Amino acid sequence: IQDVYVFESIIELLSFLSLVEENLITEPAENSCLISLNSTFPHPLIAFLNEHPSVGTIHTCFSNQSAGFAATDSIIKNKSLSKDKIIKSDDLQKYTGMHGKYVKTWNAMLREYHIIRRKAEIERKNEAAIQEAELNEKNNHNDKGDSDHE
């Protein structure tokens, strides 16, 4: 296992995978492992790492709020883990910077993405309907003009 991505909950892990599918965040390496702790306590991660000592990098993918920050800090401070192997994911902050919308969790980021996508889809449909109505009005006006000349 090259990299391990650690999440607070299964919903966050699944939201992360959905964001990868949408090409919004970088896909983990092929031989990576994603772990849901179902908490912010690092004990399951430590047990996993004891069973897999050759893990390359640990990516902490916790929420962008106090509990997530504390969880990352507890992993960094854990004496059994090599600090140079730990990387705090900054994708939530990058997303906030790109879109100007602060998101706290992967699930919030996914919901926000779908809202933005849905709004764009509605706008495209509205523009197409307006263009079609304008074209129909122009055609009706031309047809009326042709019948006046007969």
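Just above, that's the structure.
What you see is a predicted model, and the numbers here were worked out from it, not measured in a lab.

Criteria and cut-off values
Residues numbered from 1 in each chain as written. Predicted model: local features only at pLDDT ≥ 70, side-chain atom pairs only at ≥ 80, totals over all residues. Heavy atoms only, no water. Helix = DSSP H or I, 4+ residues; strand = E, 2+ residues; numbered from the N terminus. Buried < 20%, exposed > 50% of the residue type's maximum accessible area, 1.4 Å probe, protein only. Contact = heavy atoms within 4.5 Å. Areas by Shrake-Rupley, 256 points an atom, 1.4 Å probe, with all protein chains shown as cover. Phe/Tyr/Trp six-rings, centres within 6.5 Å; stacked < 30°, edge-to-face > 60°. Arc of directions from axis to C-beta. Pairing = 2+ DSSP bridges.

Chemist: Summarise the overall build of the chain; cite the residues concerned and give the values.
Modeler: Helix and strand content of the chain: 5 helices and 4 strands. If you list the helices and strands of the chain from N to C, you get β-α-β-α-β-α-β-α-α. Residues classed as buried in the chain amount to 35% of the 150 residues present. Look at the contacts in the chain between residues 6 or more apart in sequence, and 66% of them connect residues 24 or more apart. If you sum the accessible surface of the chain, you get close to 9,700 Å²; carbon and sulfur atoms cover 52% of it.

Chemist: So what's going on with the packing of aromatic side chains? Residues and values would help.
Modeler: Using the criterion set out here, one finds 4 aromatic pairs in the structure. Plain terms: the ring middles of Tyr5 and Phe16 are 5.8 Å apart, the flat faces sit at 40° to each other, and that makes the pair tilted. Of this pair, Tyr5 sits in strand E1 (residues 3–7) while Phe16 is found in helix H1 (residues 10–21), placing the two residues 11 residues apart along the sequence. The buried category is assigned to Tyr5, whose relative accessible area is 11%.

Chemist: Residues and numbers for the environment of Trp106, please.
Modeler: Tracing the backbone shows Trp106 in helix H5 (residues 106–148). The spacing of Trp106 and Ile11 is 95 residues in sequence and 8.4 Å in space, taken between C-alpha atoms.

Chemist: Can you explain helix H2 (residues 43–51)? Please cite residues and give values.
Modeler: Residues that lie three or four places apart on an α-helix share one face, since the helix turns once every 3.6 residues. Looking at H2, one finds that the buried residues are Leu45, Ile46, Phe48 and Leu49. Down the axis of H2, the buried set is contained in an arc of 160°. They therefore lie on one face. Turned more than 90 degrees off the buried face of H2, the exposed positions are His43, Asn50 and Glu51. Tucked into the core, H2 has its buried residues touching E1, strand E2 (33–36), strand E3 (57–60) and helix H3 (66–77).

Chemist: Could you give an account of the pairing of E3, naming the residues involved and the relevant values?
Modeler: Residues Thr57 and His59 line one face of E3 and the alternating positions Ile58 and Thr60 line the opposite face, and both faces are buried. Where E1 and E3 come together, 4 bridges link them in parallel fashion. Opposite Asp3, over in E3, you have Thr57 as the bridge partner.

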